[in-house]
Amino acid sequence: MEYGNAADLYHTGPGTLAGEYMRKFWQPVHRAKDLQRGQALGIRIMSEDFTLFRGDRGTPRLVGSRCAHRGTQLSIGWVEGDSIRCRYHGWRYNGEGQCVEQPLEERPAPERVCIRSYQVEEYLGLIFAYLGAEPAPPLRRFPDFDRPGYVEAGPPEYWPCNYMTRIDNDPRHVVFTHRESWKRMGDPVRPAGTRLLAEETEYGVRTYGEPVPGRPQRYTYFHMPNINQVRSPRIEGTLDDSRNLEADRLFWRVPIDDERCVNFVVDYIPLKPEEAEEYGRRREAAGEAKPAELNALGDAILAGRMRLEDLPADMSIYKLFWIEDYITQVGQGAPAGRPPEHLGSADMGVVLKRKIWERELRALANGEPLKQWYTPAGLAEAQGARVPIG
Ligand code: FES
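Residues numbered from 1 in each chain as written. Predicted model: local features only at pLDDT ≥ 70, side-chain atom pairs only at ≥ 80, totals over all residues. Heavy atoms only, no water.

A. Summary view of helix α9 (residues 348-365). Relative to the 26 Å expected for 18 residues at 1.5 Å per residue, α9 spans 26 Å between its end C-alpha atoms, a close match to the ideal helical length. Burial in α9 covers these residues: Gly349, Val350, Leu352, Lys353, Arg354, Ile356, Trp357, Glu360, Leu361, Ala363, Leu364 and Ala365. Buried residues along α9 sit against α1 (17-22), α2 (163-167), β13 (196-200), β14 (204-209), β15 (219-223) and β16 (227-232). Gly367 lies just past α9 and shows a positive phi near 70°. (Helix = DSSP H or I, 4+ residues; strand = E, 2+ residues; numbered from the N terminus. Expected span 1.5 Å × (residues − 1). Buried < 20%, exposed > 50% of the residue type's maximum accessible area, 1.4 Å probe, protein only. Contact = heavy atoms within 4.5 Å.)

This is the structure:
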C-alpha cells in the first residue's frame, strides 16, 4: 500500500492506511448491557457493516452483515441457540460464521458456505472485537480500571463528527467549553493553567501543565491509537456528586464511518462497596443520559434556537458536559471543510499525537516495525488530589 498522504488520519474504511492501523487494535463495538440474549443488531464500524448477536447462553458473536445465499441483512433474522438464522430462506450460521443449515435446499451443503467472523471479548462493560488480520493480539487491559470500586460503561455517544475530532479534544478546553458547568458547581473562576507539556510514553502521550509547587498535578493520557484517559468531575448523579467526586474515565473514539463516530466511555470511581451502592442509586435516580435528546439539544444550540445557559438548572453535570463538548466539537465541522488551523502552545498534545500517528502510518506503509504500546498500572494514581470547590 502506498503512503500517499501524511495527514490522512481521518479515513478508516477498508483499504485505507489509517483503517489498516486502527484494525490492528481491538475496538469496542457496543455496550454490553445494550445487547440482550437472543438479540441481533446490525452495526457499522470503520465504514464496514457487521451482525452482532448474543446467543442464548450469553456469548456475544460478531459475523459479516449479509447472508451468503442472496445477501439479506442477517441482523433481521432470528438468534437460535448460539447461531443466527436468515429471515429470507432460513440459512443458519454459527458464531464462527459457518453455515450449518440450508432448510430449503434439496441437496444441502452448508459445510461449503462460510461468512466472516471476528473474535469478541467483553471487558469493562463493553463488547470488544478484533477486526484486523490474524493473529489477533491479546485484548489490552487497563489495570487502573480493574481495581475494586465503582465501574460503569456510560451511554455511548454517537456523534456526527470524525473520530479524530474527538481524539483531539485537549485538556485546556475545559476552562471555556465547560464554563457553565463550573459555574453551576459553584466554581466559576478557573485558572488558565501553567505552560502545557506533552511527552511520548510507552502507551502514547502524557499531557500536563508545568508543575507548580503546592498545587496538585493533573495529567491527561492518550493511549494509542484512539483512547483518551482523564480524571473529571463530569459525574452522573446530583450536582453535589460532581462537587465531591471525580471519575477516572476512559474514552474509546471509534469511527462509524468518516463522518460519524461513537465514543465509548468507562468510569472508575474509587468507592467502597456500600458507597458504590448508594452512589449507584443516585446515578439511577438522575436517569441515564438519552443520547438522541442530548444531541438534539446540542443541534438546537448550534442552530441558534436556544442557548446553552438556558438548559435546565437541575441537569446533571454529566449531561451538561455532554452538550458543552458536543457543540464545540461537532461545531468544528468535518476536517476537510475547516479553514486552516492555527495551532498554538495549548495544542501541544494534539500536535504530538498527530506526529506519532503519522510516524506509525509511515512505518506501516513502508513495512517497518511499529511501536508496541503498553498501558501500565498507576496512571490514575499519579493524579494529584482534587482542589476543593467552593
Ligand atoms: S438470503 Fe439468506 S437464506 Fe436466502
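B. Spatial organisation of the sheet that holds strand β7 (residues 92-94). Reading across from one edge, β5-β6-β7-β8 is the order of the four strands in this open sheet, with antiparallel pairing throughout. Edge positions in the sheet fall to β5 (78-80) and β8 (99-101), since each of these pairs with one other strand and no more. Here the average twist between neighbouring strands, direction ignored, is 35°. Pairing of β7 with β8, which is carried by two bridges, proceeds in the antiparallel orientation. Bridge pairing in β8 links Tyr93 to Cys99. (Pairing = 2+ DSSP bridges. Axes fitted to C-alpha atoms, helices over the stretch in contact; angles between N-to-C directions.)

C. View of the domain arrangement of the protein. According to the domain assignment, the protein contains domain 1 (31-119) and domain 2 (143-365). Domain 1 and domain 2 are separated by 35 Å when their C-alpha centres are compared. Listed as interface residues are seven residues of domain 1 and, on the opposing side, 13 residues of domain 2. Per-residue buried area on domain 1 facing domain 2 is highest for Arg31, Arg44 and Met46; these three make up 66% of the total on that side. Inspection of the domain 1/domain 2 interface yields three salt bridges. The salt bridge involving Lys33 is made with Glu288; its shortest N-O contact spans 3.8 Å. At the surface where domain 1 touches domain 2, the tally comes to six residue pairs in polar contact (both at pLDDT 80 or more). (Domains from an automatic or database assignment. Buried area = accessible area lost by both parts, 1.4 Å probe. Salt bridge = Lys/Arg side-chain N within 4 Å of Asp/Glu carboxyl O. Polar contact = N/O pair within 3.5 Å; in protein donor to acceptor, adjacent residues only side chain to side chain.)

D. Seen up close, the pairing of strand β1 (residues 27-31). With five of its five residues buried, β1 lies for the most part within the structure. Across four bridges, β1 lies against strand β10 (residues 126-130) in antiparallel orientation. Looking at the pairing, Arg31 lines up with Leu126 of β10.

E. Just helix α6 (residues 273-286), in detail. Helix length check: α6, at 14 residues, gives a terminal C-alpha distance of 20 Å against a target of 20 Å (1.5 Å per residue), a fit within 8%. Among all positions in α6, only Ala276, Tyr279, Gly280 and Arg283 are buried. End-on view of α6: buried residues confined to an arc of 110°, all on one side of the axis. Turned more than 90 degrees away from the buried face of α6 sit Glu277 and Ala285, all of them exposed. Buried residues along α6 sit against β11 (150-153), α5 (239-244), β18 (261-269) and α8 (317-329). (Arc of directions from axis to C-beta.)

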